[in-house]
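Read off the chains here:
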Amino acid sequence: MISLRDNRVLVIGGSSGIGLAVAEAATAADAVVTIASRSRSKLDEALKSLGPQALSAVLDTADENALEAFFSANEPFDHIVVSAAQTPTGPVRKLELADAKQAMESKFWGAYRVARRARFTERGTLTLISGFLSERPSATSVLQGAINAALEGLARGLALELSPVRVNTVSPGLIDTPLWSKMDKDAKQAMFEKVSGNLPAKTVGRPADIANAVLFLMATPFATGSNVRVDGGGAIA
């Protein structure tokens, strides 16, 4: 069991999906967890599963002034995880340029702004969530692959700049999160079965699978500038 007893953990994007799973795993490891997102209602709902010790903050990674104010008002964190992102997808020639810019703004520049303003303890960690499309591009999700690759490159550079703070990425494959909740139930099931059938692991991932990788990086003093791919073998299939 990984112990994060009394470590202060901030999960940006911690109100649902992978971020919430990271917050739950860190809570189970005895960390003092703060979740942040843009939605107060989602934060309040997420707090129900985290218990009375968890804290929350309404925070938008697009607002650098708000980020600066938040980090100035709080003690340095032992671990910060950034999983917040809204990334419209589609082929380059069909995705509206404004939507493409917004995807980059949300996932890449949001993480970049956090890295600029965050305050860490001396041996703290920053973990960014990328995605396996950085290594296994898709003809219909070219931009997502490019953003993920940019995030991984950013993390490697930050591992040098912010040292001895450790900076890493976790690269998920297809994960069963609320992201897919708007999809027709039968269509979603068929899609998951098709994808899992083509994966070496023969299963779709769970948010807890990614949370396990994030906690591993938090608790491993020798891990920095690393990318941990948790994709069921998607990058090699």
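Anything mentioned here points back to the structure above.
Now for a description of the structure that goes with this document. (Residues numbered from 1 in each chain as written. Predicted model: local features only at pLDDT ≥ 70, side-chain atom pairs only at ≥ 80, totals over all residues. Heavy atoms only, no water.)

### Focus: the environment of L4
Tracing the backbone through its elements, the reader meets L4 in the segment before strand 1 (8-12). The spacing of L4 and V32 is 28 residues in sequence and 8.5 Å in space, taken between C-alpha atoms. L4 has contacts with A26, A29, D30, A31, H79, L215 and M218, leaving out every residue within four places of it along the chain. (Helix = DSSP H or I, 4+ residues; strand = E, 2+ residues; numbered from the N terminus. Contact = heavy atoms within 4.5 Å.)

### Topic: the packing of aromatic side chains
Going through the model one piece at a time under the given rule, you end up with seven aromatic pairs. Aromatic pair F108 and W109: ring centres 5.1 Å apart, planes at 85°, arrangement edge-to-face. When its relative accessible area of 10% is taken as the criterion, F108 is described as buried. Three or more aromatic residues link up through ring pairs in this structure, and these residues are F70, F71 and F77. One Lys or Arg, R8, reaches over the ring of F77 and ends 4.4 Å from the middle of that ring. (Phe/Tyr/Trp six-rings, centres within 6.5 Å; stacked < 30°, edge-to-face > 60°. Buried < 20%, exposed > 50% of the residue type's maximum accessible area, 1.4 Å probe, protein only. Lys NZ or Arg CZ within 6 Å of the ring centre and 35° of its normal.)

### Here we look at the sheet that holds strand 4 (residues 77-82)
The parallel open sheet is built from seven strands, whose spatial order is 3-2-1-4-5-6-7. Among the strands making up the open sheet, the edge pair consists of strand 3 (55-58) and strand 7 (227-230). Between one strand axis and the next, the sheet turns by 20° as a mean value, whatever way the strands run. With four bridges joining them, strand 1 and strand 4 adopt parallel strand pairing. Bridging across to strand 4, V11 finds its partner in V81. Helix 2 (residues 40-47) contacts strand 2 (32-37) and strand 3 of the sheet and is inclined by roughly 170° relative to strand 3. Relative to strand 6 (residues 166-172), helix 7 (residues 207-219) is tilted by about 165°, and along the sheet it contacts strand 1, strand 4, strand 5 (120-129), strand 6 and strand 7. (Pairing = 2+ DSSP bridges. Axes fitted to C-alpha atoms, helices over the stretch in contact; angles between N-to-C directions.)

### Structural notes on unusual backbone geometry
The residue after S163, namely P164, is reached through a cis peptide bond having omega 15°. Its place among the elements puts P164 in the loop between helix 5 (142-161) and strand 6. Residue D6 is not a glycine yet carries a positive backbone phi of 70°. Residue placement: D6 occurs in the segment before strand 1. Even without a glycine there, the phi angle at K202 is positive, about 55°. Tracing the sequence through the fold places K202 in the loop between helix 6 (185-198) and helix 7.

### Side note on the environment of R206
Take R206: it is sitting in the loop between helix 6 and helix 7. Separated by 189 residues in sequence, R206 and G17 place their C-alpha atoms 9.0 Å apart. A polar side-chain atom of R206 sits 2.8 Å from a polar atom in the side chain of D209. (Polar contact = N/O pair within 3.5 Å; in protein donor to acceptor, adjacent residues only side chain to side chain.)

### Brief notes about the nonpolar core
Membership of the largest hydrophobic core comes to 31 residues, with the highest contact counts inside it found for F71, I80 and L126. Counting only elements with at least two residues in this core, the list comes to strand 1, helix 3 (64-73), strand 4, helix 4 (97-117), strand 5 and helix 5. Here the element with the most residues in this core is helix 5; it accounts for seven residues. Residues within four places of F71 in sequence aside, it is in contact with L10, F77, I80, V114, R117, A118 and R119. In terms of nonpolar packing, the next biggest core, distinct from the first, is built from 30 residues, L20, A21, I35 and L215 among them. (Core = buried A, V, L, I, M, F, W, Y, C linked by side-chain atoms within 4.5 Å.)

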